[in-house]
Amino acid sequence: MDYTALILQISLLVDVGLVVLIWLVQLIVYPSFTYYQPDNLFKWHQQYTTRLPFVVIPLMLSQLVLAIVAVFYEVNIINCCCLLIVLFLWIFTFTSFAPLHHKISEGNTNQSILQLLIRRNWIRTFFWSFLFIIHLIAFISL
């Protein structure tokens, strides 16, 4: 069995989930935060941050494991770059977005924090889209 092809196929499926999710968050969810009154945003954010991890965590964990396994089976520039991008996304998410969401969870819903959330999320949107494109090109090339 060609494990490299199988890993690539599963990676592409996970990437699709993350790309759809990140674009929805970037174009709809985060901008919608700016329309809420502070008290309503605080209430909604509590629901959002308790429900979204059920979707995000399995996808991100899967992507990390697949990137590590891909490098284990075949060390090449593409697999190594993809792993580095995934690691960057993990670090960036937990060092930049977790603190911003924590501030909102504490009731700090000012527009500057919300706009920072939207601006920074473009970076994640770019990198998750880029990973999807890399895996799509690799899949087409099989």
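The shown structure was predicted, so the numbers you read here are calculated from the model rather than taken from an experiment.

## With respect to the state of the cysteines
Working step 1: Taken as a whole and judged by the stated rule, the model has zero disulfides.
Working step 2: Note on Cys-81: no disulfide assigned, nearest cysteine sulfur contributed by Cys-82 at a separation of 7.1 Å.
Working step 3: For Cys-81, a relative accessible area of 34% translates into the label partly exposed.
Working step 4: Given the relative accessible area of 4%, Cys-82 is considered buried.

## Some remarks on the pattern of salt bridges
Working step 1: If you walk through the whole model with that rule in mind, you get one salt bridge.
Working step 2: For Asp-39, the salt bridge is made with Lys-43, and the minimal N-O distance between the two is 3.3 Å. One end of the pair, Asp-39, and the other, Lys-43, are both in helix H2 (residues 38-51), four residues apart, so they sit about a helical turn from each other.
Working step 3: Residue classification places Lys-43 among the partly exposed positions, given a relative accessible area of 46%.

## Structural notes on the side chain of Asn-121
Working step 1: Residue position: Asn-121 is located in helix H5 (residues 111-140).
Working step 2: One polar contact links Asn-121 to Gln-26, side chain to side chain, over a distance of 2.7 Å.
Working step 3: With near-sequence residues (within four places) excluded, Asn-121 lies in contact with Ile-22, Val-25, Gln-26, Tyr-30 and Phe-97.

## Structural notes on a nonpolar patch on the surface
Working step 1: A cluster of nonpolar side chains, Val-16, Val-20, Trp-23, Leu-24, Leu-27, Ile-28 and Trp-122, forms an exposed patch at the surface whose accessible area comes to about 640 Å².
Working step 2: No other element matches the six residues that helix H1 (residues 3-33) contributes to the nonpolar patch.
Working step 3: Relative to the helices and strands, Leu-27 resides in helix H1.
Working step 4: A residue is classified by how much of its surface remains accessible, and Leu-27, at 52% relative accessible area, is exposed.

What counts as what
- Residues numbered from 1 in each chain as written.
- Predicted model: local features only at pLDDT ≥ 70, side-chain atom pairs only at ≥ 80, totals over all residues.
- Heavy atoms only, no water.
- Disulfide = S-S within 2.5 Å.
- Buried < 20%, exposed > 50% of the residue type's maximum accessible area, 1.4 Å probe, protein only.
- Salt bridge = Lys/Arg side-chain N within 4 Å of Asp/Glu carboxyl O.
- Helix = DSSP H or I, 4+ residues; strand = E, 2+ residues; numbered from the N terminus.
- Polar contact = N/O pair within 3.5 Å; in protein donor to acceptor, adjacent residues only side chain to side chain.
- Contact = heavy atoms within 4.5 Å.
- Patch = residues over 30% accessible without salt bridge, like charges linked within 9 Å, V, L, I, M, F, W, Y side chains within 5 Å.
- Areas by Shrake-Rupley, 256 points an atom, 1.4 Å probe, with all protein chains shown as cover.

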